[in-house]
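Secondary and tertiary structure notes
Read off the chains here:
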Protein chains: 2
Amino acid sequence: MSTSRFAQLPPPPYYAVIFSSQRTPGERGYNEMAERMAALAAQQPGFLGIESTRDDEGFGITVAYFDSEENIARWKANAEHRTAQALGRSTWYEHFELRVAKVERAHAMTPR
Amino acid sequence: MSTSRFAQLPPPPYYAVIFSSQRTPGERGYNEMAERMAALAAQQPGFLGIESTRDDEGFGITVAYFDSEENIARWKANAEHRTAQALGRSTWYEHFELRVAKVERAHAMTPR
């Protein structure tokens, strides 16, 4: 049983940044930057965890969890992250949606 | 440019059900039920939209959007959905996390 891809989070409340995206065709340096951004996010104040997946059609959902809206704003303003955001708009994404939400309830299950 | 996999939502606030899951190996009737549940969810009162993806390691994230917590509770209690939930626990998922969140801000971009 593998749970390594699940975020290990404290009890709610906390905040979720829900990022859904459609990649452009081609790799274009995306994977390296995605790994770098995940590592950088994990170093940010208030970062709680991240879950991310993308299918073979290039449609992905990443949910990053933070302790507060203030720390989400700090992460958004991070200089290296801003460079990645610009490349996302110019190169990597055909379309994306970004939603910020306050998690109020959480429930986990490992059936076996 | 394909945006058909993105939920078309009203302005916030609304609610998100964030479901991350690790599939068991094998198909086991999952795909048919997943399609049926997506269609059934779309008929529920207060359903706003859904985004879903799963990678080739079987790790998936689905986010379903509703207008209220009351309508999320109704969907959870739907009889056919409850049958699917039981099969999820017994058969389809190694582990899952379910989080209910209130979306407070949203932003979309189509770069080109």
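Look above for the structure.
The structure displayed is predicted, hence computed values, not measured ones.

A few words now on the relation of the copies chain A and chain B. Mapping chain A onto chain B calls for a rotation angle of 180° and an axial translation of 0.0 Å; the resulting RMSD is 0.0 Å. This pairing of chains is accounted for by a two-fold axis. Closest approach to the rotation axis among the C-alpha atoms of chain A is made by Asp55(A), whose C-alpha sits 2.2 Å away. Take the interface residues of chain A: 100% of them recur as interface residues in chain B, which is what a same-surface contact looks like.

Residue and element names in this part refer to chain B. Taking 1.5 Å as the rise per residue, helix 3 (residues 79–92) with 14 residues should run 20 Å; its terminal C-alpha atoms sit 18 Å apart, in good agreement. Turning to helix 3, its buried residues number three or more, namely His81, Ala84, Gly88 and Trp92. The buried side chains of helix 3 occupy one side of the element, clustering within an arc of 55° when seen end-on. Exposed and oriented more than 90 degrees from the buried face of helix 3 are Ala79 and Arg82. Packing partners of the buried residues in helix 3 comprise strand 1 (14–23), helix 1 (30–41), helix 2 (69–77) and strand 4 (93–109).

About the criteria used
Residues numbered from 1 in each chain as written. Chains lettered and ligands numbered in written order. Predicted model: local features only at pLDDT ≥ 70, side-chain atom pairs only at ≥ 80, totals over all residues. Heavy atoms only, no water. Least-squares fit on C-alpha atoms with pLDDT ≥ 70 in both. Contact = heavy atoms within 4.5 Å. Helix = DSSP H or I, 4+ residues; strand = E, 2+ residues; numbered from the N terminus. Expected span 1.5 Å × (residues − 1). Buried < 20%, exposed > 50% of the residue type's maximum accessible area, 1.4 Å probe, protein only. Arc of directions from axis to C-beta.

Everything listed here is a matter of coordinates, which is why it stays silent on function.
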